[in-house]
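So the chains spell out like this:
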Amino acid sequence: MEPRPRSFYVLTAFFVLFVLFLYGPTLTIGVLSFQGPGGGLTFPMRGVSLNWFRELFQQQAVGDIWGAFRRSAALGMMVMVTTVVVSVMGGLAFRKRFAGSAVLFYLTITSLVIPSILVSLGVGLIFNQLGFKVHWATSGFGSQLTWTLPFGLLIMFAVFNRFDKSYEEAARDQGASSWQTLWHVVLPIIAPSLIGVALFGFTLSYDEFARTLLTAGSYNTLPLEIFGMTTNVTTPVIYALGSLTTLFSFVIIGVFLLVVWSMGRRRARLGSDAGKGV
Amino acid sequence: MRDSTGKAPGWGVTLMRNRHFVGWLQAAPLSLILIGFLILPIITIVIVSFWQATEFSIIPAFSLENYEFLFGSPVTYKVFGATFKYAFLTWAFTLSIGFTVAYYLAFHIRSQPVQIALFLICTIPFWTSNIIRMISWIPFLGRNGIANQALISWGVIDQPLEWLLYSDFSVILAFVHLYTLFMVVPIFNTMMRIDKSLLEAARDNGASGFQTLVHVIVPLTKPGIMIGTIFVLTLVMGDFITVRFMSGSQRANVGRLISNDISLLQYPSAAATAVVLLLTVLIVIGILLRFVNIRKEL
């Protein structure tokens, strides 16, 4: 291997600084959430304790964060499943280049670039005018989909741009119906990408703020609850909550990545026997 | 029907062989969701922007007074100016940092597993909460925060700097922190598709590393740069929460103008501002889309 140029070391230093910049603040609040009972929002640490994590479990100190967590988790699951199903169907539809697909494509891009507060305001106004009550599982759910679906669809575009059509042709030549081709050939091949779409669906919903702001109704999701706390909570309890929910996100991301990785392993092991025959 | 062959099959079969019809069926859920939660809300906002409001209720009418007030107020121009300033500065920083990081990952990391691991390290924060990531700057930037303590102990300053938190500085810092990965990912994606033999050819013809970068890599990376630019500009222009939180409500952008009106229940006025903001964003995106074909670049 040829020796590394000097620029490599400069860029490595730059990259390390960038990673520090990305994770440093999160690590800091991780440390500060173990602040002693008399400690404040900044260093120095006044002792080390689990005091602020304990407070999270006391209703009067922090309000209904566990209810908010349950709602956010449930909403995340709903958005995740819907995003996967609708994105796959949309991705399949766009392969057919149906009449009007260009319009739908630009609509999807609009959904991605539109300022979130417009979705929030517009959906809120519609529900108001029609006399419906806004609720996280109806108006909140729909508003979040306008954020997750474009990501899901763009991933499906990337997947199908790289998809080798000869697999489908082979299936058809062997007499598979279009349903059988989809179910036994196409979906298994794109499965790891679908895990990726699911990861986007869940995490983007779980952390979504602006589109849910005016559409969640009287029961807050977790990000709304946390934002509410920033205006009236001045103790490290907010760091403890931040650390816990970030940890939860890391676990979710880790599980998804692990599933993709083990799928790849399984495939490498069982997939092709080409060239191994005697 | 173009697709039907031979003797007439049942109409159901004919229909299911029509690619347009099947395409519509498969695209129906997506279309319905976008119509219900994107198109209708936009139409509603446009309609409501012509309504009138009193302190207690909103009145259906056709009136231009919201727009007259909006364009007649010097605050509007100041706030739009601030929004463009945030957008431009954030774009400049995210682009330079994002390009450098993507370039390092794509061309300096030789082992693919390491490349994937480092790329994931860059993208994981995207899947965590923006609110928490904003909150986490407080212990750094506050009056008694880490930055001030460090600078004082090094003897760089005597007094704590007041402009670190709740200022334009902290707003832009937070934007760069939140959105640099929207640059890294598309730029890295385009760089990975560059045929490595082009780089060898440049070197064989005597180009220095820097010349290869400027004359080969940057032009070939333009689509990724455009996609990243679209993401960053729209996210910053439509933002209201980062500016509110990181400036301690001391700075304003268009998004905050809208959210302030909403909290005062002045929906028609909020809607008019929202319409102008949407048009501004769409014009910017429209210009950028002339330079890139998104579907080809995925």
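Residue positions are given per chain, counted from 1 along the sequence in the order it is written. For this description, chains carry letters from A and ligands carry numbers from 1, given in the order in which they are written. Owing to the predicted nature of the model, reporting of local features is limited to residues with pLDDT of at least 70; listing and counting of side-chain atom pairs is limited to 80 or more, with chain, interface and lining totals taken over all residues.

- The name an unreviewed UniProt entry assigns to chain B is ABC transporter permease subunit, from the organism Pseudooceanicola spongiae.
- UniProt positions are given in the numbering used here, feature names are shortened, and annotations may be inferred rather than shown by experiment. Taken directly from UniProt, the Subcellular location (unreviewed entry) text for chain B runs: "Cell membrane".
- The heading Sequence similarities (unreviewed entry) in the UniProt record of chain B holds the text "Belongs to the binding-protein-dependent transport system permease family. CysTW subfamily."

- Under an unreviewed UniProt entry, the name given to chain A is ABC transporter permease subunit, and the organism recorded is Pseudooceanicola spongiae.
- Chain A has a UniProt comment under Sequence similarities (unreviewed entry) that states "Belongs to the binding-protein-dependent transport system permease family. CysTW subfamily."
- Looking at the Subcellular location (unreviewed entry) heading of the UniProt record, one finds this comment for chain A: "Cell membrane".

1. Some words on the overall build of chain A
Then step 1. Check the secondary structure of chain A and you find 12 helices and zero strands.
Then step 2. The order of α-helices and β-strands along chain A, N terminus first, is α-α-α-α-α-α-α-α-α-α-α-α.
Then step 3. Expected size for 278 residues packed as a compact globule is a radius of gyration near 19 Å; at 24 Å, chain A overshoots this value by more than 25%.
Then step 4. Expressed along its principal axes, the backbone C-alpha trace of chain A runs to roughly 75 × 65 × 35 Å.
Then step 5. Exposed residues have 12 or fewer other C-beta atoms within 10 Å of their own C-beta, buried residues have 20 or more, and residues in between are partly exposed; the C-beta atoms are placed from the backbone. Within chain A, the proportion of its 278 residues that are buried is 38%. Secondary structure counts use DSSP, requiring at least four H or I residues in a row for a helix and at least two E residues in a row for a strand, with both numbered from the N terminus. Each radius of gyration is computed over the set of C-alpha atoms, and the globule rule expresses the reference value as 2.2 Å times the number of residues to the power 0.38.

2. Here's the deal with the overall build of chain B
Then step 1. From N to C terminus, chain B includes 15 helices and two strands.
Then step 2. The globule rule puts the C-alpha radius of gyration for 298 residues at 19 Å, and the 25 Å found for chain B is more than 25% above it.
Then step 3. Overall, chain B is about 90 × 70 × 30 Å in size when its C-alpha atoms are taken along their principal axes.
Then step 4. Expressed as a percentage of the 298 residues in chain B, the buried residues total 39%.
Then step 5. The long-range share in chain B, meaning contacts at least 24 apart out of those at least 6 apart in sequence, stands at 66%. For every residue pair, C-beta atoms are placed from the backbone, and the pair is scored as a contact if these atoms sit within 7 Å.

3. Focus: the interface of chain B and chain A
Interfaces are often sized by the amount of accessible area the parts lose when they come together.
Then step 1. Of the residues lining the interface, 71 residues belong to chain B; the matching set on chain A comes to 71 residues.
Then step 2. A per-element tally of the side of chain B that touches chain A places helix α2 (residues 19-48) of chain B first, with 21 residues.
Then step 3. When grouped by side-chain class, the residues that make up the side of chain B that touches chain A number 46 nonpolar, 22 polar and three charged. All amino acids are sorted into three groups, where Ala, Val, Leu, Ile, Met, Phe, Trp, Tyr, Cys and Pro are nonpolar, Asp, Glu, Lys and Arg are charged, and the leftover types, Gly among them, are polar.

4. Brief notes about helix α6 (residues 116-130) of chain A
Within an α-helix, residues lying three or four positions from one another point in the same direction, as the helix has 3.6 residues per turn.
Then step 1. The length a helix should cover is 1.5 Å for every residue beyond the first. Counted at 1.5 Å a residue, the expected span for α6 of chain A with its 15 residues is 21 Å, and the 22 Å between its end C-alpha atoms agrees.
Then step 2. Most of α6 of chain A sits out of view: 12 of its 15 residues are buried.
Then step 3. For α6 of chain A, every residue scored as buried is listed here: Ser-116, Ile-117, Leu-118, Val-119, Ser-120, Leu-121, Gly-122, Val-123, Gly-124, Leu-125, Ile-126 and Phe-127 of chain A.
Then step 4. Considering only its buried residues, α6 of chain A is in contact with α7 (136-161) and α10 (210-213) of chain A together with α2, α11 (209-238), α13 (254-263) and α14 (267-289) of chain B.
Then step 5. Trailing α6 of chain A by a residue or two, Gly-131 of chain A shows a phi angle of about 80°, which is positive.

5. Focus: the UniProt feature "domain: ABC transmembrane type-1" (unreviewed entry) in chain A
Then step 1. Under the UniProt annotation, the feature "domain: ABC transmembrane type-1" (unreviewed entry) is placed at residues 69-260 of chain A.
Then step 2. Taken as a whole, residues 69-260 of chain A contains 82% helix and 0% strand, while its terminal C-alpha atoms sit 26 Å from one another.

6. Some remarks on the domain arrangement of chain B
Then step 1. For every domain, the bounds stem from an assignment made automatically or drawn from a database. Per the domain assignment, the segments of chain B are domain 1 (1-47) and domain 2 (74-297).
Then step 2. Each of domain 1 of chain B and domain 2 of chain B has a C-alpha centre, and these two points are 37 Å apart.

7. So, the nonpolar core
Then step 1. Under the definition applied here, buried Ala, Val, Leu, Ile, Met, Phe, Trp, Tyr and Cys residues are grouped into a nonpolar core through C-beta atoms within 7 Å. Ranked by size, the top nonpolar core spans 127 residues in total, and within it Leu-121 of chain A together with Ala-102, Phe-175, Ile-258, Ala-271 and Ala-274 of chain B carry the most contacts.
Then step 2. Take this core: its biggest share by element is 14 residues, from helix α9 (residues 168-192) of chain B.
Then step 3. Ala-274 of chain B has contacts with Leu-118 and Leu-121 of chain A together with Ile-45 and Ile-258 of chain B, leaving out every residue within four places of it along the chain.

8. What about the UniProt feature "transmembrane region" (unreviewed entry) in chain A?
Residues and elements named next belong to chain A.
Then step 1. Here, the residues flagged by UniProt with the feature "transmembrane region" (unreviewed entry) are residues 7-34, 73-94, 103-127, 139-160, 181-204 and 237-261.
Then step 2. Helix makes up 100% of residues 73-94 and strand 0%, with an end-to-end C-alpha separation of 31 Å.
Then step 3. Split by type, residues 103-127 is 92% helix and 0% strand. Its first and last C-alpha atoms lie 26 Å apart.

9. So, unusual backbone geometry
Then step 1. The phi dihedral of Arg-97 of chain A is positive, around 45°, even though this residue is not glycine.
Then step 2. Tracing the backbone through its elements, the reader meets Arg-97 of chain A in the loop between α4 (65-95) and α5 (101-113).
Then step 3. Judged by C-beta crowding, with 11 C-beta atoms within 10 Å, Arg-97 of chain A ranks as exposed.
Then step 4. Phi is positive for Ser-249 of chain B, close to 65°, though the residue is something other than glycine.
Then step 5. Within the element layout of this structure, Ser-249 of chain B appears in the loop between α12 (241-246) and α13.

10. Observations regarding the domain arrangement of chain A
All names here are of chain A.
Then step 1. What the domain assignment reports for chain A is domain 1 (26-57 + 236-266) and domain 2 (64-233).
Then step 2. A straight line from the C-alpha centre of domain 1 to that of domain 2 covers 27 Å.
Then step 3. Counting residues at the interface gives 13 residues for domain 1 and 14 residues for domain 2.
Then step 4. Of all the elements, helix α12 (residues 237-270) adds the most residues to the side of domain 1 that touches domain 2, at 12 residues.
Then step 5. Residue classes in the side of domain 1 that touches domain 2 are distributed as 10 nonpolar, three polar and no charged.

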